[in-house]
Amino acid sequence: IGSLSFHDFYTYDHSINVSMYNILLYRLMRPDAYEADIVNAGMCGFLHDIGKIKIPNRILNKVGKLTDEEFKQIQLHTIYGKDYLSKDGVKAPPGAKLDLIREVVFQHHENYDGTGYPNKLRGEEIHFLARMTAVADFFDAITTKRSYSEALTIEEALDLMGRSRGKK
C-alpha cells in the first residue's frame, strides 16, 4: 500500500478513508463483532483499490470524461487487485483473512442490480463486505474534491446515495 501512496496519493488517502468508514459501518451494523471481523472490514477498505497501482496516472487523474477505452482500463483495477493479493509472499495481518479481502477487492464495483463489474453479480451474490465497501467507497468519492469534480456536502451525498438505492 506504501507504493500506492507514491503512485497516486489521492487513491492512497481514499483507501485510508474507506477503511475507516468500513470499520465504523461494521461496528454500527454488528456491535458484537469479533475484533478479527473488524480487522477484516478495515483491511477490505484499505486494500479495495490496490489494483490501481497498475493504472496510469494520466487516466486516474484525468480532468475530463474518460473515453470508453480508459474506463475499461479503470475497470481492470479489481482484477489487478485480486491478482496482486494472490501473489506468493503476500500476507495479511494477524486476524485478517486474505481470501476474504481478495474477494472484496474483486467485487467492490459490483452493483446490487447486476450492472457493476467485473462479473455483473447482483444482490446477495455480492459478498456483504464488498457491498459495504462499495457504500464506503461511493461516500468518500463523492465527498472528496477530485481533479474532475467538487466535493458534495454530507447532505448532498446522502441524497445522491438515497437515489442510488437498489442499484449501488
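Residues numbered from 1 in each chain as written. Predicted model: local features only at pLDDT ≥ 70, side-chain atom pairs only at ≥ 80, totals over all residues. Heavy atoms only, no water.

Caption draft 1: Highlighting the pattern of salt bridges. Applying the stated criterion across every chain, the model contains 7 salt bridges. In this structure, the salt-bridge partner of Arg131 is Glu124, at a minimum N-O distance of 3.4 Å. Judged by its relative accessible area of 60%, Glu124 is exposed. (Salt bridge = Lys/Arg side-chain N within 4 Å of Asp/Glu carboxyl O. Buried < 20%, exposed > 50% of the residue type's maximum accessible area, 1.4 Å probe, protein only.)

Caption draft 2: Highlighting the environment of Asp99. Tracing the sequence through the fold places Asp99 in helix H7 (residues 98-107). For the pair Asp99 and Lys82, spaced 17 residues apart in the sequence, the C-alpha separation amounts to 9.4 Å. (Helix = DSSP H or I, 4+ residues; strand = E, 2+ residues; numbered from the N terminus.)

Caption draft 3: Highlighting unusual backbone geometry. In this model, Tyr117 is joined to Pro118 through a cis peptide bond whose omega is 15 degrees. Its place among the elements puts Pro118 in the loop between H7 and helix H8 (128-142). Even without glycine at this site, Lys120 takes up a positive phi of about 55 degrees. Structurally, Lys120 is set in the loop between H7 and H8. Given the relative accessible area of 54%, Lys120 is considered exposed.

Caption draft 4: Region of the structure containing the packing of H7 against H8. The contact between H7 and H8 brings their axes to 8 Å, and the two run at 50 degrees. Relative to H8, the element H7 is oriented oblique. As for how H7 packs across H8, the hand of that crossing is right-handed. The residues of H8 that touch H7, namely those facing Leu100, Val104 and Gln107, are Leu129, Ala130 and Thr133. (Axes fitted to C-alpha atoms, helices over the stretch in contact; angles between N-to-C directions. Parallel < 35°, antiparallel > 145°, perpendicular 65-115°, else oblique. Left-handed = near helix turned anticlockwise from the far one by under 90°. Contact = heavy atoms within 4.5 Å.)

Caption draft 5: Layout of the nonpolar core. With 20 residues, the main nonpolar core has Tyr26, Leu47, Leu85, Ile101, Val104 and Leu129 as its most contacted residues. Ignoring anything within four residues of it in the chain, the contact list for Leu129 reads Tyr26, Ala41, Cys44, Leu100 and Val104. (Core = buried A, V, L, I, M, F, W, Y, C linked by side-chain atoms within 4.5 Å.)

Caption draft 6: How the structure looks around the environment of Thr133. Considering the arrangement of structural elements, one finds Thr133 in helix H8. Separated by 30 residues in the primary sequence, Thr133 and Glu103 place their C-alpha atoms 12 Å from one another. Once residues within four sequence positions are removed from consideration, Thr133 is found in contact with Val18, Asn22, Cys44, Gly45, His48, Val104 and His108.

Caption draft 7: Structural view of the packing of aromatic side chains. Counting across every chain of the model gives 4 aromatic pairs. When the ring of Tyr21 is compared with that of Phe139, the centres are 5.3 Å apart and the planes differ by 85 degrees; the resulting orientation is edge-to-face. Highlighted residues: Tyr21 in helix H2 (residues 9-29) and Phe139 in helix H8, separated in sequence by 118 residues. Residue placement shows Lys82 over the ring face of Phe106; its charged tip is 4.3 Å from the ring centre. The ring of Phe138 carries Lys168 above its face, with NZ or CZ at 5.4 Å from the centroid. (Phe/Tyr/Trp six-rings, centres within 6.5 Å; stacked < 30°, edge-to-face > 60°. Lys NZ or Arg CZ within 6 Å of the ring centre and 35° of its normal.)

Caption draft 8: Structural view of the layout of surface pockets. Reported here for the largest pocket is a volume of approximately 850 Å³. Looking at the largest pocket, it is lined by 33 residues, and the ones nearest its centre are Phe71, His109, Ala141, Arg146 and Tyr148. If you list the elements that add at least two residues to the lining of the largest pocket, you get H2, helix H4 (57-60), helix H5 (68-75) and H8. A per-element tally of the lining of the largest pocket places H8 first, with 5 residues. The residue makeup of the lining of the largest pocket, split by class, is 13 nonpolar, 9 polar and 11 charged. Estimated volume of the second largest pocket: approximately 170 Å³. What lines the second largest pocket is simply Tyr112, Val135, Phe138, Met161, Gly162, Ser164, Arg165, Gly166 and Lys168. Grouping the constituent residues of the lining of the second largest pocket by class yields 4 nonpolar, 3 polar and 2 charged. (1 Å grid on protein atoms, 1.4 Å probe; cavity = no way out; pocket = protein on both sides within 12 Å on 5 of 7 lines; lining within 4 Å. Points joined across faces, edges and corners; volume = space filled by probe spheres on them. Nonpolar A, V, L, I, M, F, W, Y, C, P; charged D, E, K, R; others polar.)

Any functional reading would require information beyond the geometric quantities listed.
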